[in-house]
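Understanding the architecture of this molecule
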Amino acid sequence: MNRRDFLTLRTGPRGKTLELSGERLYMRCLDAGVGVESGDDDVLWTGGGEPPAVRNRRTRDDLFSGIADDLNSVDTLCVTGRQWLSGNSLDKPFDDLVAAFLARGGRVEFLNRSTGS
C-alpha cells in the first residue's frame, strides 16, 4: 500500500501540511483487507468461490502508525472526507491519531470538499 494514494504533503505560509483523504484511506483499508465494517482486521469476504489471496497484509495499527510517523514532520493535518472515517472501525484509531497530533501542538483542519465520487 502506498500512503501517497491518500496523503499529500504541501508546504505553504502556515508551514508543512499533510492532506489526508478520508475516502481514499477508507478504500485503501478495504483493499488491504482491514475489516472496516466489522471492527476487526479480518477480510470481509461475501463472494462465492475462493477468497482473494492475502499478501503482505498490514493491520489497521500498521496503517495508522505509518500516518503518525508522517505527521511527525508537519504542522497541519488537513482532512477531507471525514465522514468516511466515522461510524466504522476506523473511527477510534483516527480520533486517537488526531488527538496525539493536537497534543504535540499540531493543527487540524476538516474540509467538506467533494471528491467527485
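It should be emphasised that the depicted structure is a prediction, and the values quoted were computed from it without experimental measurement.

Another aspect to go through is the pattern of salt bridges. The final tally for this structure, using the stated rule, is 4 salt bridges. For Arg82, the salt bridge goes to Asp95, with nearest N and O atoms at 2.6 Å. In this pair, Arg82 sits in the loop between strand S3 (76–80) and helix H3 (91–103) while Asp95 sits in helix H3, placing the two residues 13 residues apart along the sequence. A relative accessible area of 36% means that Asp95 is categorised as partly exposed. Overlapping salt bridges bring together Arg82, Asp91 and Asp95 as one network.

Quick look at the pairing of strand S4 (residues 107–111) now. Pairing analysis gives 5 bridges linking S3 to S4, with the strands arranged parallel. Residue pairing for S4: Thr76 is matched across the bridge by Arg107.

Attention now moves to the packing of helix H2 (residues 60–71) against H3. How two helices pack is summed up by the angle between their axes together with the distance between the axes. For the pair H2 and H3, interaxial distance at closest approach is 11 Å and the crossing angle is 20°. The orientation of H2 relative to H3 falls into the category roughly parallel. In the crossing of H2 with H3, the sense of the turn from one axis to the other is right-handed. Contacts between H2 and H3 involve Arg60, Phe64, Ile67, Ala68 and Leu71 from the former and Pro93, Phe94, Leu97 and Phe101 from the latter. Here the residues of the contact of H2 with H3 are counted per class, giving 8 nonpolar, no polar and 1 charged.

Calculation criteria
Just so you know, the residues in each chain are numbered from 1, in the order the chain's sequence is written. For this predicted model, a pLDDT threshold of at least 70 governs which residues receive local features, and a threshold of 80 or more governs which side-chain atom pairs are given and counted, while totals over whole chains, interfaces and linings are taken from all residues. Calculated side-chain values reflect all of the structure's heavy atoms, with hydrogen atoms and water omitted. A pair is scored as a salt bridge if a Lys or Arg side-chain nitrogen falls within 4 Å of a carboxyl oxygen belonging to Asp or Glu. Counting from the N terminus, the helices are DSSP H or I runs at least four residues long and the strands are E runs at least two residues long. Each residue is assigned to one of three classes by its accessible area relative to the maximum for its type, calculated with a 1.4 Å probe on protein chains only: buried under 20%, partly exposed between the two thresholds, exposed over 50%. Only when DSSP finds a minimum of two bridges between them are two strands counted as paired. Note on definitions: angles span 0 to 180 degrees between N-to-C directions of axes, and those axes are lines fitted to C-alpha atoms, for helices only across the stretch in contact. Reported orientations rely on four angle classes, namely roughly parallel under 35 degrees, roughly antiparallel over 145, roughly perpendicular from 65 to 115, and oblique for the rest. Crossings are classed by handedness, with left-handed meaning an anticlockwise turn of the near helix from the far one by less than a right angle and right-handed meaning a clockwise turn. We call two residues in contact whenever any of their non-hydrogen atoms come within 4.5 Å of each other. Residues are grouped as follows: Ala, Val, Leu, Ile, Met, Phe, Trp, Tyr, Cys and Pro are nonpolar; Asp, Glu, Lys and Arg are charged; every other residue, Gly included, is polar.

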